[in-house]
Amino acid sequence: MIYLDNAATTKPCPEAVSAALEAMTDNFGNPSSLHRAGLNAQLAMDKARRTIADSLGAAPDNVIFTSGATESNNLALRGATAAYGKKRRKIVASAVEHASVDETLADLESKGFEVVRVSPREDGRFCPEDFINACDENTVLLTMMYVNNETGYVLPVKEVFTAVKRRFKDIVTHTDCVQAYMKLPVKANQLGADLISLSGHKIHGVKGVGALYIKKGIRLIPVVTGGKQEKGIRSGTESVPLICAFGAAVGKLSPTIKERYERVSELKARLAELLSAIEGVEINSPEDGSPYVVNISAAGKRSEIMLHYLEGREIYVSSGSACSKGQQSGVPAQFGITGKRADSALRISMTADTTEAEIEVFAAALAEGIASVRG
Ligand code: PMP
């Protein structure tokens, strides 16, 4: 199998699997229990929280565990607007957010918030001024993802957040860093972020766990209420096995962000070279985008047809965003990928473990597919 759909999910690393297993066998206590079994589970969870906090340059107190980035995004947007949005009723967002942000924004819009969605310019790039000019005294929240999951475009989060904070210090800044975390440096203070959403399964952890970084002093009204776990911000017994797996994956990947980035950049360059030899194939991702996500158009051949052709050869890629089950999200159009180019878009997403040989087999299969499949 050649797995090139790592933006959808990644294979859990052995360290994550054994950490989860330990928390399901030897160390299965409830971290809220007052006896030793509970304390041991609490200690294992504390270790994961510290590892993740360290990776963000933050304190463990600033990290809340959730069921995934979908929940982190909901908690960030709903929690911050509930806490701070009584008078300030405007939200500024990028127009290329993941559905877990975009659908939440739509819901907040239906509840009376004004949402201003900032689009990229014609070249697909975001102009920081467009965000800065959209913000004003009435703005409660600014949300923009760091790396776009469908195209790999990197958004100017740091420039925008620092400039906006200088002018309007009360605007809460949130960034969905799911596709940036453990791939680019994600440091809370450097980014100027009050809230950062993370997901475990995109970084070789396990599905069903995420985190929300909450800057000291930022108040969120909880979405899920109950037993007051996670300092009352997210009630519900923590999934210690998944949290431990998340922590183990971060502990493993944190020291190698730069080396892996360089390695995947080489893979992207090799992929671009191979694709340039196939007639009609276009690369929709920018050269300076995240190398981990490469969006291409396959010579007018419908994405789903090509996806299943490649699947027949045990090569797994995605059409558009995997989260939307093949449904077009409207995000590619924001980046100027429209018409036949959008209908034939495929997303290839790699890891540092992807090999050149795999890329070569993929490119050869793509060329054969283009020559043999209809429309
Ligand atoms: N944001 C982005 C940018 C994503 O790519 C994803 C996953 N496709 C999510 C949020 C949702 O993450 P999770 O699966 O952990 O809910």
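Residues numbered from 1 in each chain as written. Predicted model: local features only at pLDDT ≥ 70, side-chain atom pairs only at ≥ 80, totals over all residues. Heavy atoms only, no water.

### A closer look at the overall build of the protein
Counting its regular elements, the protein contains 13 helices and twelve strands. Compactness check: the protein gives a C-alpha radius of gyration of 21 Å against a globular reference of 21 Å for 375 residues, within 12% of the reference. A principal-axis box enclosing the C-alpha atoms of the protein has dimensions of 65 × 55 × 35 Å. Partitioning the intrachain contacts of the protein with sequence separation of at least 6 by distance along the chain shows that 73% fall at a separation of at least 24. Surface exposure of the protein reaches about 16,100 Å², of which carbon and sulfur atoms provide 52%. Across the protein, the 44 positively charged side chains and the 44 negatively charged ones have centroids separated by 6 Å. (Helix = DSSP H or I, 4+ residues; strand = E, 2+ residues; numbered from the N terminus. Rg over C-alpha atoms; globule rule 2.2 N^0.38 Å. Contact = heavy atoms within 4.5 Å. Areas by Shrake-Rupley, 256 points an atom, 1.4 Å probe, with all protein chains shown as cover. Lys, Arg positive; Asp, Glu negative; His and termini not counted. Charge placed at Lys NZ, Arg CZ, Asp CG, Glu CD.)

### What to know about the packing of helix 1 (residues 14-24) against helix 8 (residues 240-253)
The contact between helix 1 and helix 8 brings their axes to 7 Å, and the two run at 150°. With respect to their mutual orientation, helix 1 and helix 8 come out roughly antiparallel. Between helix 1 and helix 8 lies a crossing whose hand is right-handed. In this structure, helix 1 uses Pro14, Glu15, Ala16, Ala19, Ala20, Ala23 and Met24 to contact helix 8, whose residues at the interface are Val240, Pro241, Cys244, Ala245, Ala248 and Lys252. In terms of residue class, the contact of helix 1 with helix 8 is made up of eleven nonpolar, no polar and two charged. (Axes fitted to C-alpha atoms, helices over the stretch in contact; angles between N-to-C directions. Parallel < 35°, antiparallel > 145°, perpendicular 65-115°, else oblique. Left-handed = near helix turned anticlockwise from the far one by under 90°. Nonpolar A, V, L, I, M, F, W, Y, C, P; charged D, E, K, R; others polar.)

### Some words on the side chain of Arg234
By secondary structure assignment, the location of Arg234 is in the loop between strand 8 (210-214) and helix 8. With a relative accessible area of 15%, Arg234 lands in the buried category. For Arg234, the side chain forms a polar contact with the side chain of Glu71, separated by 2.8 Å. Those residues within four positions of Arg234 in sequence are excluded, and the remaining contacts are Ile64, Phe65, Thr66, Ser67, Glu71, Val224 and Gln229. (Buried < 20%, exposed > 50% of the residue type's maximum accessible area, 1.4 Å probe, protein only. Polar contact = N/O pair within 3.5 Å; in protein donor to acceptor, adjacent residues only side chain to side chain.)

### Here we look at the packing of aromatic side chains
Summed over the entire model, instances satisfying the criterion amount to four aromatic pairs. Plain terms: the ring middles of Phe65 and Phe246 are 6.5 Å apart, the flat faces sit at 65° to each other, and that makes the pair edge-to-face. Within this pair, whereas Phe65 is found in strand 2 (residues 63-66), its partner Phe246 is found in helix 8, the two being separated by 181 residues in sequence. Phe246 sits in the buried class, given a relative accessible area of 0%. Geometrically, the ring pair formed by Phe126 and Phe131 is tilted, given 5.5 Å between the ring centres and 35° between the ring planes. What makes Phe126 buried here is its relative accessible area of 10%. In this structure, Lys183 packs its charged tip against the face of Tyr292, placed 5.3 Å from the ring centre. (Phe/Tyr/Trp six-rings, centres within 6.5 Å; stacked < 30°, edge-to-face > 60°. Lys NZ or Arg CZ within 6 Å of the ring centre and 35° of its normal.)

### What to know about the environment of Gly312
Within the secondary structure, Gly312 sits in the loop between helix 10 (303-311) and strand 11 (315-316). For the pair Gly312 and Asn62, spaced 250 residues apart in the sequence, the C-alpha separation amounts to 46 Å.

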